[in-house]
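Below, each chain spelled out in residue letters.
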Amino acid sequence: MSSPSAGKRRLDTDVIKLIESKLEVNILGGLNHFSVKFHGPKDTPYEDGVWRIRVLLPDDYPFKSPSIGFMNRIFHPNIDECSGTVCLDVINQTWTPMYSLSNIFEIFLSQLLSYPNPSDPLNGDAAALYLQKPEDFKKKVREYVQRYATEEALRVQEQREAPTGMDEDDDDESSMSEFSEDEADGMDL
Amino acid sequence: MAEQTNTDSELQSEELLVLESLLSPEEFQKSDDHRSGVIDVYTAFESGVELVLVESLERMEHLKRWVESSDASEEEKARMLEESFGTRHEKITHLPPISIKFSLPEKYPSLEPPHVSLTSCWIPRRVLLQLEVFLKELWKQNGQQAILYDVFQFITDRATAGGFFPFPVACLPVFSHEEIATEAATSAILESSNLLVVPHARKLFHSLVQFDENRTVVLFQQQTHGCGVCFDSFPGTDFIRLTNCRHFVCKECMRRLCVNLIKDGSVHRLQCMECQEDLNPFDIQLSVEAEAWEKYQQFQLDSALSAMQDIVYCPRPWCNQAVIKEGDSTAGRCPGCAYVFCVHCKRGYHGIAPCPYDGDRKMLANEYADADKDTRVDMEKRWGRRRLQNLVDEVKAEDWVSKNAKQCPKCGFPVQKMGGCNKMVCTKCGSPFCWLCLAKLTGADPYGHFQDPNNRACYQNLMQGIEDDHNDEEDGLDSDDEDEDEDDLDNVEGFHGDHGWIDLGGREDAMIIFEQLLELVIGQAALNRRRPQN
């Protein structure tokens, strides 16, 4: 009963469903490592923004939750600016195998961008600004969108990553570190 | 006349053949004499029937009110039932079969009706007798033809339409003789209806519930089902029916769920994948290999023991049993090997002679650590070298823990905070607590604690200390440790509040590191206990 393909059908189905939905999926290293283009939800300061989100499905998916991270920068109380790590209980603590990738992209992430949870922040600055000066917060979010989350910005980032070719991990690391250095002055906007 | 008999016997065998082909072997059993048999009528109500155990006439009134409140909402009706009957009601789908025992006389069907007797545990005897009489009439009305299949059909229709229920189909009340006999004598209610009054109502109630459960499982196992988690299809026998919430889960998915959570030490998250109801340990044991089950039990035992303050471990390395301290006595008596030892120095019990390990252990440890070679040898001779070294390690670790970690208020497990807000979740038992005042928080509204002005130290301090943590993350951990005490532990990663670190490795690594830390804290004994020799 525990054939080597056990659980494979679920992973395949989830990924195919994601590809069949309107989201743009780029395979980075097989069906368990890819990026998804995610558009900011309407009527939020994140509207018009576009992010690439890296998804890594563990061997034990769906019993273990997928690793997801924003590849380009976002200003949000529950998302770490440098690493792109997302703080979302449904993706870790309360993840259950009944959730799927579509849930993450169609519901969880949109909800998180629409309703940040400043009381449980990963980005303290963003949380404080969100609570104390909501207008400034919106302004800063839009500035970030303009700078880092346009189709143009994504293209530049992709080109930067392109030369290293197939070696995914090195590729990601270099792009991440480059990204941090580049934006070091940008942090104190 | 002979011709007539021939035709009858032909008709009879024809009829039995028809029954055999129309009904399943479960429903129809023929005797060897080809003249008699049993037809079982199984009744199922797809939308369920409320089975209610009514133990007094007062409850009878509750039940009547519930039945009559047909315009109330489903939730409202469920609440009414819950209030009046609590555990004495259960929704069931399947009822035990009504048995139609028949034997065919020689002159059936032309001149004699079949002999039919009905039995059922959930239809009153009186009703069954009336039915038997009626079935004879049915034979006459049908022009004295073969009617067994019609009898089957008639009883099936009547049962599924709720025709045997005193109340509408949604309810089957069960009464007990003993409890309401006296009241009933003065009441017309019981005489006028087809109520099921039996001597052992509670027993019947439970056997009906049990039958429903068994039948549901049997029917499920006869078919192939798709699993909602792995999306594969398996025969019903490859599913497990969960004891607590009664959901069906594919065995392989259940196994992988349990193995993963046990491996991570997240045993508090062992829940049904569909409804998040806690899993029954029995189901877990059925689903995982012996090794994982042992680990699960160890986790449960550990968290139970660490919640108790008065536990020491037997110092004999091959024994290591948990020993309960007795009041103020410094003597520990191991229930396993009967060794009696001093709970402070872990050597043989030395009566009222003062124990160097009692009192200021820190001073002794420092004295040993700072002593010159000769003094050390001297001390080692008196108090044992390994014990002294263990003590130094323990004191170091305790020191480190008291500086860097706090104990979960529920299970006492040391937890370190690496960043984020002050709402923490214990790595081990999963309960939320406040990092500042170590209060237990409620799972439903853990943040409320920080918004209540009564909690002076914590009011609006959810994010207090976040700046410092942030600095730690940037330059604290990676830089060389200034503090020598941290040598053993400089790779420790702790937990950031309740935050969903997406990196899956983190949790596991940290769990292992915490285990190491725990081992240091509770000393050699724990180490041996976890990794038994040989």
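Residues numbered from 1 in each chain as written. Chains lettered and ligands numbered in written order. Predicted model: local features only at pLDDT ≥ 70, side-chain atom pairs only at ≥ 80, totals over all residues. Heavy atoms only, no water.

Student: When you look at the overall build of chain A in this model, what are you seeing that I'm missing?
Tutor: The secondary structure content of chain A amounts to six helices and four strands. In chain A, the succession of helices and strands from N to C terminus is α-β-β-β-β-α-α-α-α-α. A burial count over chain A gives 53% of its 189 residues as buried. Of all intrachain contacts in chain A linking residues separated by at least 6 positions in sequence, the fraction that spans at least 24 positions is 59%. As displayed, chain A has an accessible area near 9,000 Å², and 50% of this comes from carbon and sulfur atoms. (Helix = DSSP H or I, 4+ residues; strand = E, 2+ residues; numbered from the N terminus. Buried < 20%, exposed > 50% of the residue type's maximum accessible area, 1.4 Å probe, protein only. Contact = heavy atoms within 4.5 Å. Areas by Shrake-Rupley, 256 points an atom, 1.4 Å probe, with all protein chains shown as cover.)

Student: Help me understand the overall build of chain B, please; the structure alone is not making it clear to me.
Tutor: The number of helices and strands found in chain B is 16 helices and 19 strands. Within chain B, buried positions represent 44% of all 534 residues. Carbon and sulfur atoms make up 49% of the accessible area of chain B, which totals about 28,400 Å².

Student: For this particular structure, what's the right way to read the UniProt feature "active site" (unreviewed entry) in chain A?
Tutor: All names here are of chain A. As annotated by UniProt and renumbered to match this structure, "active site" (unreviewed entry) occupies C87. Following the sequence through the fold, C87 ends up in the loop between β4 (67–70) and α2 (101–114). C87 sits in the buried class, given a relative accessible area of 7%. (UniProt positions renumbered as here; feature names shortened; annotations may be inferred.)

Student: I tried to follow the nonpolar core on my own but got confused; where do I start?
Tutor: Side chains of nonpolar character tend, in soluble globular proteins, to be buried together. Residues and elements named next belong to chain B. Ranked by internal contacts, the top residues of the largest apolar core, which has 42 residues, are W122, I155 and F164. Of all the secondary structure elements, the ones that give two or more residues to this core are α1 (2–22), β2 (36–54), β3 (89–103), β4 (115–119), α4 (125–141), α5 (148–160), β5 (171–176) and α8 (201–221). Those residues within four positions of F164 in sequence are excluded, and the remaining contacts are I98, W122, I123, V127, L131, I155, R158 and A159. (Core = buried A, V, L, I, M, F, W, Y, C linked by side-chain atoms within 4.5 Å.)

Student: What is the right way to read the packing of aromatic side chains from this model?
Tutor: Aromatic rings considered in pairs are described by the distance between their centres and by the relative angle of their planes. All names here are of chain A. Enumeration according to the criterion identifies 17 aromatic pairs over all chains in this entry. Ring geometry for W51 against F70: centres 6.2 Å apart, planes inclined by 75°, an arrangement best described as edge-to-face. With W51 in strand β3 (residues 50–56) and F70 in strand β4, the pair connects residues that are 19 residues apart, well separated along the chain. Residue classification places F70 among the buried positions, given a relative accessible area of 1%. Summarising the aromatic geometry, the rings of Y99 and F108 are spaced 5.1 Å apart at their centres and angled 80° between planes, so their arrangement reads as edge-to-face. Through a chain of ring-to-ring contacts, three or more aromatic side chains come together here, namely F75, Y130, F137, Y144 and Y148. (Phe/Tyr/Trp six-rings, centres within 6.5 Å; stacked < 30°, edge-to-face > 60°.)

Student: Looking at this structure, I do not really get the environment of B:D393. What am I missing?
Tutor: Residues and elements named next belong to chain B. Mapped onto the elements, D393 comes out in helix α14 (residues 385–404). Judged by its relative accessible area of 37%, D393 is partly exposed. Taking the C-alpha atoms as reference points, D393 and A365, 28 residues apart in sequence, are found 8.7 Å from one another.

Student: Is there a simple way to think about the packing of helix α1 (residues 8–20) of chain A against α2(A) in this case?
Tutor: A pair of packed helices can be characterised by two numbers: the angle between their axes and the separation between those axes. Residues and elements named next belong to chain A. Between α1 and α2, the shortest axis-to-axis distance is 8 Å and the interhelical angle comes to 35°. Between α1 and α2, the residues in contact are D14, V15, K17 and L18 and L101, S102 and F105, respectively. In terms of residue class, the contact of α1 with α2 is built from four nonpolar, one polar and two charged. (Axes fitted to C-alpha atoms, helices over the stretch in contact; angles between N-to-C directions. Nonpolar A, V, L, I, M, F, W, Y, C, P; charged D, E, K, R; others polar.)

Student: Got a minute to help me understand the pattern of salt bridges in this structure?
Tutor: Charged atoms that come close allow side chains of opposite charge to pair. Residues and elements named next belong to chain B. Applying the stated criterion across every chain, the model contains 19 salt bridges over all chains. In this structure, E137 engages K140 in a salt bridge whose closest nitrogen and oxygen atoms are separated by 4.0 Å. Note that E137 and K140 are positioned in helix α4 at a spacing of three residues, about one turn of the helix. Residue R255 is joined to E252 by a salt bridge in which the shortest nitrogen-to-oxygen separation is 3.1 Å. (Salt bridge = Lys/Arg side-chain N within 4 Å of Asp/Glu carboxyl O.)

Student: Explain unusual backbone geometry to me, please; I cannot follow it from the model alone.
Tutor: Here the bond from A:Y61 into A:P62 is cis, since omega is 5°, no more than 30 degrees from zero. By secondary structure assignment, the location of A:P62 is in the loop between β3 and β4. One non-glycine residue, B:F231, adopts positive backbone phi at about 65°. For B:F231, the location among the structural elements is in the loop between β7 (224–226) and β8 (233–235). B:F231 gets classed as partly exposed once you look at its relative accessible area, which sits at 29%. Positive phi, normally seen in glycine, also occurs at B:N320, with a value near 55°. Within the secondary structure, B:N320 is located in the loop between β11 (311–313) and β12 (322–324).

Student: Even after reading the chapter, I still don't get the side chain of B:S287, so can you show me in this structure?
Tutor: All names here are of chain B. Its location among the elements puts S287 in helix α10 (residues 281–287). Within polar-contact distance, the side chain of S287 engages the backbone oxygen of D283 at 2.7 Å. In this structure, S287 is in contact with I240, M254 and R255, ignoring residues within four places of it in sequence. (Polar contact = N/O pair within 3.5 Å; in protein donor to acceptor, adjacent residues only side chain to side chain.)

Student: How should I be thinking about the pairing of strand β2 (residues 33–39) of chain A in this particular structure?
Tutor: Every regular strand shows the same layout, with side chains that alternate between the two sheet faces. Residue and element names in this part refer to chain A. Within β2, six of the seven residues are buried, which leaves the element mostly enclosed by the surrounding structure. Where strand β1 (residues 25–27) meets β2, three bridges bridge the pair, whose relative direction is antiparallel. Bridging from a neighbouring strand, I27 pairs with F34 of β2. Adjacent in sequence and paired antiparallel, β1 and β2 are bridged by five residues, among which G30 carries a positive phi angle near 95°. Direction of pairing for β2 relative to β3: antiparallel, over a ladder of seven bridges. (Pairing = 2+ DSSP bridges.)

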